[in-house]
Amino acid sequence: MNEELLSRVGAWLAVDPDEHDRATIEGLLGDLNDDEIHRRFDEPLTFGTAGLRGPEMAGPAGMNRCTVRRATQGVVAWLAEIGVDPSRGVVVGRDARHGSEVFNDEVVGILLGAGVRVYEMPRPLPTPLTAYTLQALGAAAAIMITASHNPPADNGYKLYGPDGSQINAPHDAMVERHANEAGVAPWADRRAPLHQMVNEGVLEGYREHMAGRFGVLTSALSIVYTPLHGVGGTTMTELFARSGFEHVALVDEQFQPNPDFPGLPFPNPEEAGVLDAGIARAHAVGANLLIANDPDADRLGAAVRTRDGSWRVLRGDEIGWLLGSVALAGAGDKDVVATTIVSSSMLEKMAARAGVAYVTTLTGFKWIAKVAPGKRLAFGYEEALGFAVDPCVADKDGVSAALALTRLAHDLSLHELTLLDRLDELEA
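Below: a short report on this structure. In this text the structure is predicted, and so the values were computed from the model without any measurement. (Residues numbered from 1 in each chain as written. Predicted model: local features only at pLDDT ≥ 70, side-chain atom pairs only at ≥ 80, totals over all residues. Heavy atoms only, no water.)

A separate point is empty space enclosed by the protein. Tallied over the entire structure, the rule returns one cavity of 30 Å³ or more. Considering only enclosed or pocket space, the largest cavity measures out at about 50 Å³ in volume. Lining of the largest cavity is provided by D95, A96, R97, H229, G230, V231, N258, P259, F261 and P295. When the residues that make up the lining of the largest cavity are grouped by side-chain class, the tally is five nonpolar, three polar and two charged. (1 Å grid on protein atoms, 1.4 Å probe; cavity = no way out; pocket = protein on both sides within 12 Å on 5 of 7 lines; lining within 4 Å. Points joined across faces, edges and corners; volume = space filled by probe spheres on them. Nonpolar A, V, L, I, M, F, W, Y, C, P; charged D, E, K, R; others polar.)

Our focus in this paragraph is the sheet that holds strand β10 (residues 300–305). Read from one edge to the other, the open sheet built from five strands follows the order β8-β7-β9-β10-β11, with strand pairing classed as mixed. Lying at the two open borders of the sheet, with one neighbouring strand each, are β8 (248–250) and β11 (311–313). On average, each strand axis in the sheet is tilted by 25° relative to the strand beside it, whichever way the strands run. Where strand β9 (residues 289–293) meets β10, five bridges bridge the pair, whose relative direction is antiparallel. Each bridged residue has a counterpart across the sheet, and for A292 the counterpart in β10 is G301. Contacts between helix α14 (residues 398–413) and the sheet are confined to β7 (223–226), β9 and β10, with β9 contributing the most and set at about 170° to the helix. (Pairing = 2+ DSSP bridges. Helix = DSSP H or I, 4+ residues; strand = E, 2+ residues; numbered from the N terminus. Axes fitted to C-alpha atoms, helices over the stretch in contact; angles between N-to-C directions. Contact = heavy atoms within 4.5 Å.)

Below, the discussion takes up the packing of helix α1 (residues 3–15) against helix α2 (residues 19–30). Their axes nearest at 10 Å, the elements α1 and α2 cross at an angle of 155°. With respect to α2, the element α1 is oriented roughly antiparallel. Pair α1 / α2 crosses with left-handed handedness. Along the contact surface, α1 presents L6, V9 and L13, while α2 presents R22, I25, E26 and L29. For the contact of α1 with α2, the class distribution of residues is five nonpolar, no polar and two charged. (Parallel < 35°, antiparallel > 145°, perpendicular 65-115°, else oblique. Left-handed = near helix turned anticlockwise from the far one by under 90°.)

The periodicity of an α-helix, 3.6 residues per turn, causes residues three or four places apart in sequence to face the same way. Within helix α7 (residues 171–180), burial applies to D172, M174, V175, H178 and A179. One face of α7 carries all of its buried residues, which in axial projection span an arc of 165°. Each element contacted by the buried residues of α7 is listed here: α4 (65–81), β5 (154–160) and α13 (365–368). (Buried < 20%, exposed > 50% of the residue type's maximum accessible area, 1.4 Å probe, protein only. Arc of directions from axis to C-beta.)

Moving on: the layout of surface pockets. The calculated volume of the largest pocket comes to roughly 380 Å³. Considering the residues around the largest pocket, the lining is formed by 18 residues, among which W12, P44, P60, R70 and N180 are closest to the centre. The set of elements that each furnish at least two residues to the lining of the largest pocket consists of α1, α4 and α7. Among the elements that line the lining of the largest pocket, the one with the most residues is α1, at four residues. Grouping the amino acids of the lining of the largest pocket by side-chain chemistry returns 12 nonpolar, three polar and three charged.

Relative to the elements of secondary structure, V91 occurs in strand β2 (residues 90–94). Sequence-wise, V91 and T46 are 45 residues apart; in three dimensions their C-alpha atoms are separated by 22 Å. Aside from chain neighbours lying at most four places away, what touches V91 is Y119, M121, T130, T133, L134, L137, A139, A141, A142 and I143.

What follows deals with the pairing of β9. Across the five residues of β9, five count as buried, placing the element largely inside the fold. Every second residue of β9 is oriented toward a common face, with L289, I291 and N293 on one face and L290 and A292 on the other, all of them buried. Sheet analysis places β7 next to β9, joined by four bridges and oriented parallel. Bridge assignment links I223 to a residue of β9, and that residue is L289. With antiparallel pairing between neighbouring strands as the criterion, β9 and β10 make up a hairpin whose turn holds six residues, including A297 at a positive phi of roughly 60°.

Right, let's get into the pattern of salt bridges. Inspection of every chain in the model, using the stated rule, returns 28 salt bridges. Its salt-bridge partner being K158, residue D395 comes within 3.1 Å of it at the nearest N-O pair. Here the residue D395 occupies a position in the loop between β15 (386–388) and α14, and K158 occupies one in strand β5, the gap between them amounting to 237 residues. Here D395 and K158 have matching classes, each one buried. Here the residues in one salt-bridge network are R123, E200, E204, R207 and R242, joined through shared partners. (Salt bridge = Lys/Arg side-chain N within 4 Å of Asp/Glu carboxyl O.)

Right, let's talk about the nonpolar core for a bit. Counting 69 residues, the largest nonpolar core has I291 and L419 as the members making the most contacts within it. Excluding residues within four positions of it along the chain, L419 makes contact with L289, V304, L314, L322, L405, L408, A409 and L412. (Core = buried A, V, L, I, M, F, W, Y, C linked by side-chain atoms within 4.5 Å.)

Two elements in contact, helix α9 (residues 233–242) and α14, have axes whose closest approach is 10 Å; the angle formed by their N-to-C orientations is 35°. Handedness of the α9/α14 crossing: right-handed. Of the residues in α14, those touching α9 at T235, M236, L239 and F240 are V399, A402, L403 and T406. Grouping the amino acids of the contact of α9 with α14 by side-chain chemistry returns six nonpolar, two polar and no charged.

Printed below as a string of structure tokens:
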């Protein structure tokens, strides 16, 4: 093992706060396990499309307490560099994955130790609620501990900027530069005066807004819902009930958060077979629509019963066309709709027919959310099951998108039509 690598390992061990992780690295050194040391140190996690994301393990190539501490120090220094007042506060949220609570605690302690106000989400909640809270409170930034729909061994760190959306270039490189320069940081616990839990009234604002926009007085539509062992279950079922959708059956074995995602190695609604349990439940109860969220509920999957009784899983583009048709019907001169270069061109054609501005972006909601300063993003989507149906969340939101799609299915059912009938109309 060369001296340069040994120096990097030593520098990491000097600041790693986790005794178990330090022992793991020291054990690898003692065993002369060069290959494993190289694996953990040669390619550190970097800020990419969704911030940091990778396997939970010791060393800079993994998600661990030291990685999270350094990233959070990077965020504090980045806010100072771009001139954002930290007194506006940083919202901190988490999902229910392995390590999420511990990493959440690290973020809170480092921010408070740096004298930054912290608004901490009160429990594991969907990623879109963290993004919503950032805008609702006018905070400086938000950090969400989540790996979205990645395999069970992974975790991640998602960063939103002062505009409410995910950071992009050059801000990602700035955060990473500061994180790489981080050393031992001061720490403060939740007794610090700058700490407060996000008030339930803020979360109620989200629920009230979405139910008011997409709810009905009452609906006979029969629905099955699954959060795929993630954190969307309680939020989504409360919203269904409040919005007039009373006939909602659950995939009980997938309802409670479970970071092992039993039966779902890749808990992503896009993956073949992931919706099988939901479809079986829907078939058993005679439902017409299956709604699924990924584990942090920022994505939406759906399946529809056909007229012959079989089930059809909707592609991301198809859901995008359906939701886009609703958004375009109510859009005006100050609105814009957008999708990405890897998505279908159908939305562009639909927008042209409706006389509404349209933009094609690079892949990812960090671009979609910033598509047109001065205009309102009436709707944005990417084919990987990400949909933005309301500008109060400057990111994809599987919760509000689920409610919007259910409302469309209800409206069509009043005319004895289905989502598949609407797709036929759009494609005609």
